[in-house]
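Notes for the structure review
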Amino acid sequence: MTTQPTDHCDTTQRHATSAPLRTTHASSPGSVAPAHTFAMRFTSTPRGARLARHLVAVRLDAWGVPYGTDPHEAIVLITAELAANAVRHGHVPGRDFRLRLHDLRTAAPDGRTIRVEVTDTRGERLPRPPVAPEDAPGAEEAGRGLLLVAHLAARWGWHPRPDGPGKTVWAECAWPGLFPCPPCASRTAP
């Protein structure tokens with residue numbers, strides 16, 4: 001089951017207090033303000049994970065992070081890994097996973113960070129710090145998703161789900177001079 005997506009050019013989005021994301025006024029030094037937010041629930045199945053990845057790719061392009069660029073490819077790959085982990089390790093029968101994508105702005109002129117959050121309803125299976133392949137026992141293909149996320153993201157982590165059982169795993173990607181946001185750049189202030 002999926003829900004209707006939300007897309008807001010609003011800086012007053014509500015976030016869990018336990019999350020490392022803190023929204024403040026964009027003019028204060030080091031502050032973060034979401035320029036856009038996309039949120040949607042997906043079925044906790046491989047099909048739901050694929051749909052989440054696809055919709056993030058489309059949304060990023062609409063926000064001015066074009067297909068084929070390094071930032072776009074990295075964020076889509078991070079989304080795919082986090083959604084796949086929610087399906088594989090966070091699945092509870094009859095429960096969906098939730099994806100949130102935030103386009104964050106900082107006070108720096110070229111400061112733009114994209115944050116991916118994936119929330120599942122299984123709180124007892126927590127992400128462990130990734131282990132490098134040479135340190136991992138065996139040569140299996142599985143288990144390297146968070147290592148990839150850690151490599152691509154500027155930072156990542158997890159926190160307990162504030163509105164019920166489960167957890168949110170998040171990752172942030174930042175690039176200097178990340179492409180400007182066309183919808184908000186063309187909007188004039190009242």
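Reading the values: the criteria
- Residues numbered from 1 in each chain as written.
- Predicted model: local features only at pLDDT ≥ 70, side-chain atom pairs only at ≥ 80, totals over all residues.
- Heavy atoms only, no water.
- Helix = DSSP H or I, 4+ residues; strand = E, 2+ residues; numbered from the N terminus.
- Buried < 20%, exposed > 50% of the residue type's maximum accessible area, 1.4 Å probe, protein only.
- Contact = heavy atoms within 4.5 Å.
- Areas by Shrake-Rupley, 256 points an atom, 1.4 Å probe, with all protein chains shown as cover.
- Salt bridge = Lys/Arg side-chain N within 4 Å of Asp/Glu carboxyl O.
- Phe/Tyr/Trp six-rings, centres within 6.5 Å; stacked < 30°, edge-to-face > 60°.
- Expected span 1.5 Å × (residues − 1).
- pLDDT = per-residue confidence, 0-100.
- Core = buried A, V, L, I, M, F, W, Y, C linked by side-chain atoms within 4.5 Å.
- Pairing = 2+ DSSP bridges.
- Axes fitted to C-alpha atoms, helices over the stretch in contact; angles between N-to-C directions.
- Parallel < 35°, antiparallel > 145°, perpendicular 65-115°, else oblique.
- Left-handed = near helix turned anticlockwise from the far one by under 90°.
- Nonpolar A, V, L, I, M, F, W, Y, C, P; charged D, E, K, R; others polar.

Brief notes about the overall build of the protein
Per the secondary structure count, the protein includes four helices and six strands. Its helices and strands taken in sequence order, the protein reads β-β-α-α-β-β-α-β-β-α from the N to the C terminus. Across the 190 residues in the protein, those meeting the buried criterion constitute 40%. Considering only contacts in the protein between residues 6 or more positions apart, those separated by 24 or more positions represent 68%. Here the protein has roughly 10300 Å² of accessible surface; of this, 56% comes from carbon and sulfur atoms.

Topic: the pattern of salt bridges
Applying the stated criterion across every chain yields a total of nine salt bridges. For the salt bridge of arginine 155 with glutamate 172, the shortest nitrogen-to-oxygen distance reads 2.8 Å. One end of the pair, arginine 155, is in strand S5 (residues 155-160); the other, glutamate 172, is in strand S6 (residues 167-174), and 17 residues separate them in sequence. For arginine 155, a relative accessible area of 39% translates into the label partly exposed. A relative accessible area of 9% means that glutamate 172 is categorised as buried.

So, the packing of aromatic side chains
Going through the model one piece at a time under the given rule, you end up with one aromatic pair. Taken together, a centroid distance of 5.6 Å and an interplanar angle of 25° make the contact between phenylalanine 42 and phenylalanine 97 stacked. Of this pair, phenylalanine 42 sits in strand S2 (residues 32-42) while phenylalanine 97 sits in strand S3 (residues 97-106), placing them 55 residues apart in sequence. Comparing phenylalanine 42 with phenylalanine 97 shows no difference in burial state: the two are buried.

Section: helix H2 (residues 70-89)
Given 3.6 residues per helical turn, the α-helix brings residues three or four places apart onto the same face. Its 20 residues give H2 an end-to-end C-alpha distance of 28 Å, which sits within 8% of 28 Å, the value for a rise of 1.5 Å per residue. Considered for burial, the residues of H2 that qualify are Pro71, His72, Ala74, Ile75, Val76, Ile78, Thr79, Ala80, Leu82, Ala83, Ala86 and Val87.

Structural notes on the confidence of the model for the protein
Per-residue confidence for the protein averages 77 on the pLDDT scale, and 66% of its residues sit at or above 70. Here residues 4-30 is a poorly scored stretch, pLDDT under 50, and it has 57 contacts once near neighbours within four places are set aside; other chains count.

Here's the deal with the nonpolar core
Ranked by size, the top nonpolar core spans 29 residues in total, and within it Leu60, Ile75, Leu82, Phe97 and Leu101 carry the most contacts. Listing elements by their share of this core, those giving two or more residues are S2, helix H1 (46-62), H2, S3, strand S4 (112-120), helix H3 (145-152) and S6. The biggest single contributor to this core is H2, with seven residues. In this view, leucine 101 contacts His36, Thr37, Phe38, Val56, Arg59, Leu60, Trp63, Ile75, Ile114, Arg115 and Val116; residues no more than four positions away in its chain are not counted.

A look at the pairing of S5
Each regular strand carries side chains that alternate between the two faces of the sheet. When S5 meets S6, the two strands line up antiparallel, connected through six bridges. Considered in S6, the bridge of proline 160 is made with lysine 167. Hairpin connection, S5 to S6: the antiparallel pair is bridged by six residues, and glycine 164 has positive phi, about 155°.

Topic: the packing of H1 against H2
Two numbers describe how H1 lies on H2: the axes approach to 9 Å, and their chain directions differ by 155°. Between H1 and H2, the angle falls in the class roughly antiparallel. Where H1 crosses over H2, the two elements pack in a sense that is right-handed. Contacts from Pro46, Ala49, Ala52, Arg53, Val56, Ala57, Leu60 and Asp61 in H1 reach His72, Ile75, Val76, Thr79, Ala80, Ala83, Ala84 and Val87 in H2. For the contact of H1 with H2, a count of residues per class yields twelve nonpolar, two polar and two charged.

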